[in-house]
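Next come the chains, spelled out residue by residue.
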Amino acid sequence: ARLVKDINTETVARGSFPQWFSNHGGSATFFARGDQGRYGVWRTDGTEEGTARIPLKCDPPGCRRVWSGASKALYQTVAGDLWLLAATPGTATLLLAGSRAVAAFDSEVPPTALAGGKLLFVANSSAAGRELWITDFTPNGTRLVKDLWPGAADSLPTEMTWWQGRLYFFALRSAGDWALWKSDGTPSGTRLVFDFNPRSPDEGPDPQILGATAGGLVVNVWTPSRGLELWVTRGTGETTKPLPEIV
């Protein structure tokens, strides 16, 4: 074992506390506290000369890594800025500024990879609320997919599940009205599968996507007429049916 680099040279006893490592196939990014107690994002290839701070104003707890891929990672600041970090050569690109749309990854809904190297995620904006977004890792390619509950209200996409070339998820159409949706990452390709009838917000638990079977995608949903029951869908309203009631 050997020391790679002394990142915090001023406070020997406390160290730099490297944390939140992401492996990018030959290099890694991580948080560490350098001189003057300043946290920052660093990259390393395992050598002293290959270990350097990435020029990004991103200090925890006001900054966090929200996604990591094979050669890049996404970081979000407390102001809502979304940054792309390329592990090689260690550059940072602003994808979405907080002043343009106060965007924030929803920590309860993990981003989902899409065919073609794109990423679907849930973000919040002052104009549309919490809705489905997509990025191709360029500033112009980071955008709202569709405002499912029009206006500033939150549709709260959840249970994001990749199945048969589409992203399936639940989202609100109005207060208490959970519906199943599918998306290919385009506005026209983001469509309602089935509306499970409006209910008051305090009725029953939130819906769940349990997984795929030979008969289709199985979901667990509370409805006013049936209570909490299992349903199955093949991706259309016509094929979305309740399974035989257990009780």
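All values reported here derive from a predicted model rather than from experimental measurement.

**Topic: the side chain of Thr223**
- Structurally, Thr223 is set in strand S18 (residues 216-223).
- Here Thr223 falls in the buried class, since its relative accessible area comes to 1%.

**Side note on the packing of aromatic side chains**
- Per the stated rule, a full pass over the model turns up nine aromatic pairs.
- Ring geometry for Phe31 and Tyr75: centres 5.6 Å apart, planes at 75°, overall edge-to-face. Here Phe31 is found in strand S2 (residues 28-33), whereas its partner Tyr75 is found in strand S6 (residues 72-77), with 44 residues between them in sequence.
- Residue class for Phe31 comes out buried when judged on its relative accessible area of 0%.

**Observations concerning the sheet that holds strand S14 (residues 166-174)**
- Strand order in the open sheet formed by four strands is S13-S14-S15-S16, with antiparallel pairing between adjacent strands. Edge positions in the open sheet fall to strand S13 (158-163) and strand S16 (191-195), since each of these has one partner strand only. Shown here is a sheet whose adjacent strand axes are inclined to one another by a mean of 30°, direction ignored.

**Here we look at unusual backbone geometry**
- Located in the positive-phi region is Phe137, a residue other than glycine, with phi close to 75°.
- A positive phi is found at Gln164, a non-glycine position, where the angle reads about 50°.
- By relative accessible area, Gln164 is classed as exposed at 63%.

**Looking at the nonpolar core**
- If you look at the biggest cluster of nonpolar residues, it comprises 14 residues, and the most contacted ones within it are Leu120, Leu132, Met160, Leu167, Phe169 and Trp181.
- Of all the elements in the fold, those that place two or more residues in this core are strand S10 (118-125), strand S11 (129-135), S14 and strand S15 (177-183).
- A total of three residues in this core trace back to one element, the largest contributor, which is S14.
- The residues touching Trp181, leaving out its near neighbours within four places in the chain, are Leu148, Leu167, Tyr168, Phe169, Phe170, Ala171, Arg173, Arg191, Leu192 and Val193.

Parameters at a glance
Residues numbered from 1 in each chain as written. Predicted model: local features only at pLDDT ≥ 70, side-chain atom pairs only at ≥ 80, totals over all residues. Heavy atoms only, no water. Helix = DSSP H or I, 4+ residues; strand = E, 2+ residues; numbered from the N terminus. Buried < 20%, exposed > 50% of the residue type's maximum accessible area, 1.4 Å probe, protein only. Phe/Tyr/Trp six-rings, centres within 6.5 Å; stacked < 30°, edge-to-face > 60°. Pairing = 2+ DSSP bridges. Axes fitted to C-alpha atoms, helices over the stretch in contact; angles between N-to-C directions. Core = buried A, V, L, I, M, F, W, Y, C linked by side-chain atoms within 4.5 Å. Contact = heavy atoms within 4.5 Å.

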